[in-house]
Amino acid sequence: MTTAQENTANAALWSAAAQAKNHPRGVGRLVLVALAAGLLSGCAALPSAGPTAGAFVGNVDENAVQWRDGYLLVPVDSNVLAYQQEEPRPSFRGIASQSLPSDTGIGVGDVVQVTLFEAGVGGLFSSLNSGGQGSSSVRLPEQQVARDGSITIPYAGRIRVAGSTASAVESRIVGALRDRAIEPQAVVAVAQGNSTAVTVTGDAVTGASVPIPNSGLRLLDLIARVGGPKTPIYETAVSLTRGGRTVQMPFSELVNDPSEDVYVRPGDVVLLTRQPRTYVALGATGKSDQLPLQGYEMSLAEALAQMGGLNPNLANPNGVFLLRREPGAEMVARYEGQAFTRAAPGEDATHLRGEIPVIYRFNLREPSGLLHAQDFRIHDGDMLYVATAPYVPVKQALDAISGVVTPALTAANTASIISTR
């Protein structure tokens, strides 16, 4: 209760006390009046959902932008919405590409399969089956590329394959066998591409090391191959690490923006973690809680609906506030001459640096306030507060008085009746 409200209530109670002195039951009523005065004078100590709208605004024009008590108060209008900027959005395109990566060739640790052919029966790699039919080809056992980057081919010795494409290795094998086999041909295939694997891990996905096929592998395909995220997409963050650089973004952004679905490369590390983007709802709302942002951004109207709207018994529609930290230099430049003293040329209007607390105020009693709530965007980490209506402290005080006065007055009336008999 404000000081003015306290003075009004106390004046009414003392007037009632003066009238009670000459009443036959005046003593009992005088006691009750004194009790009521004490409760009303102490209504500031009654339970409350938080500060009133007047505590934010003060005794100045409520439509003015003002710097007060260490924060900037900004009534939201069409000009504020025009300045509104989206949250900075990270992008994988800074470290990755939409283009298919070049073939890095066979690497150390890969498992390769080599098949050799000759032009006729009777050569090095010819054989006869039980039916007497001849074959002029042989499939060699799978081999893992050694640390020196080579594999062994019969009659050709050690052949270096690391860093070379399959077609280059085929030509190398044919050249080594040309003087020993009958018009040799070779087919080389990578059976297991260990050197081209990319790692996917995190507490929101089943970890695995996935080889990259020759056709390439995009980020979403990679995540799908390990089973996808275990948590809702709006609570999941994706990190891509390449060449010592890491970029993280919400999984919902990766899904909604095809340009972010980049190709992965060998050695990449993809991390999926549960990182919900949230805002806090407090005050006279239908639900005071930490709530998730559905998607990358939400409007204030959507946030109010998510928390159950305003409490019709407590809320002050003229006192809806959003608390956020904004760049101080940007706020000074925007509101210099209004909330901040206009500086002389070459001087700063204020010494504010870094981020400063900004409180945006909405008047939902007006149709324009509802439109502004529909266009204003909630950011991760915002706090949405709804002040209580001015009459709430008075109602709480009267409810408290009623709970004490009614039984006491009944007892006083009963005592008065008995004393007059």
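Residues numbered from 1 in each chain as written. Predicted model: local features only at pLDDT ≥ 70, side-chain atom pairs only at ≥ 80, totals over all residues. Heavy atoms only, no water.

With respect to the helices, strands and loops of the structure, threonine 278 is situated in strand S16 (residues 278-283). Its relative accessible area of 14% is what places threonine 278 among the buried residues. For threonine 278, the side chain forms a polar contact with the side chain of glutamine 290, separated by 3.0 Å. If sequence neighbours within four positions are ignored, threonine 278 has contacts with Gln290, Leu291, Pro292, Leu293, His379, Asp380, Gly381 and Asp382. (Helix = DSSP H or I, 4+ residues; strand = E, 2+ residues; numbered from the N terminus. Buried < 20%, exposed > 50% of the residue type's maximum accessible area, 1.4 Å probe, protein only. Polar contact = N/O pair within 3.5 Å; in protein donor to acceptor, adjacent residues only side chain to side chain. Contact = heavy atoms within 4.5 Å.)

What follows is about the layout of surface pockets. In this structure, the largest pocket encloses a volume near 470 Å³. Along its surface, the largest pocket is lined by 23 residues, and Asp103, Thr196, Ile212, Pro213 and Asn214 are the ones closest to its centre. The element that contributes the greatest number of residues to the lining of the largest pocket is strand S10 (residues 185-192), accounting for three residues. When its residues are assigned to classes, the lining of the largest pocket shows 12 nonpolar, eight polar and three charged. (1 Å grid on protein atoms, 1.4 Å probe; cavity = no way out; pocket = protein on both sides within 12 Å on 5 of 7 lines; lining within 4 Å. Points joined across faces, edges and corners; volume = space filled by probe spheres on them. Nonpolar A, V, L, I, M, F, W, Y, C, P; charged D, E, K, R; others polar.)

Another aspect to go through is the environment of glycine 319. Inspection of the secondary structure assignment puts glycine 319 in strand S19 (residues 315-327). Residue contacts for glycine 319: discarding those within four places in its chain leaves Ala53, Phe362, Tyr385, Val386 and Ala387.

The subject of this paragraph is the packing of aromatic side chains. As enumerated under the stated definition, the model contains six aromatic pairs in all. For the pair tryptophan 67 and phenylalanine 340, a centre-to-centre distance of 5.6 Å together with 40° between the ring planes defines the contact as tilted. Here the residue tryptophan 67 occupies a position in strand S1 (residues 66-68), and phenylalanine 340 occupies one in the loop between helix H9 (328-335) and strand S20 (355-362), the gap between them amounting to 273 residues. Assessed through its relative accessible area of 31%, tryptophan 67 is described here as partly exposed. Residue phenylalanine 340 is classed as buried on the basis of its relative accessible area of 7%. Measuring from centroid to centroid gives 5.2 Å for phenylalanine 362 and phenylalanine 376, while their planes differ by 80°, and the two rings are edge-to-face. With phenylalanine 362 in strand S20 and phenylalanine 376 in the loop between helix H10 (367-375) and strand S21 (377-378), this residue pair connects regions lying 14 residues apart in the sequence. For the pair phenylalanine 362 and phenylalanine 376, one class covers both residues: buried. One aromatic cluster is present, formed by Phe56, Phe321 and Tyr385 through successive ring pairs. (Phe/Tyr/Trp six-rings, centres within 6.5 Å; stacked < 30°, edge-to-face > 60°.)

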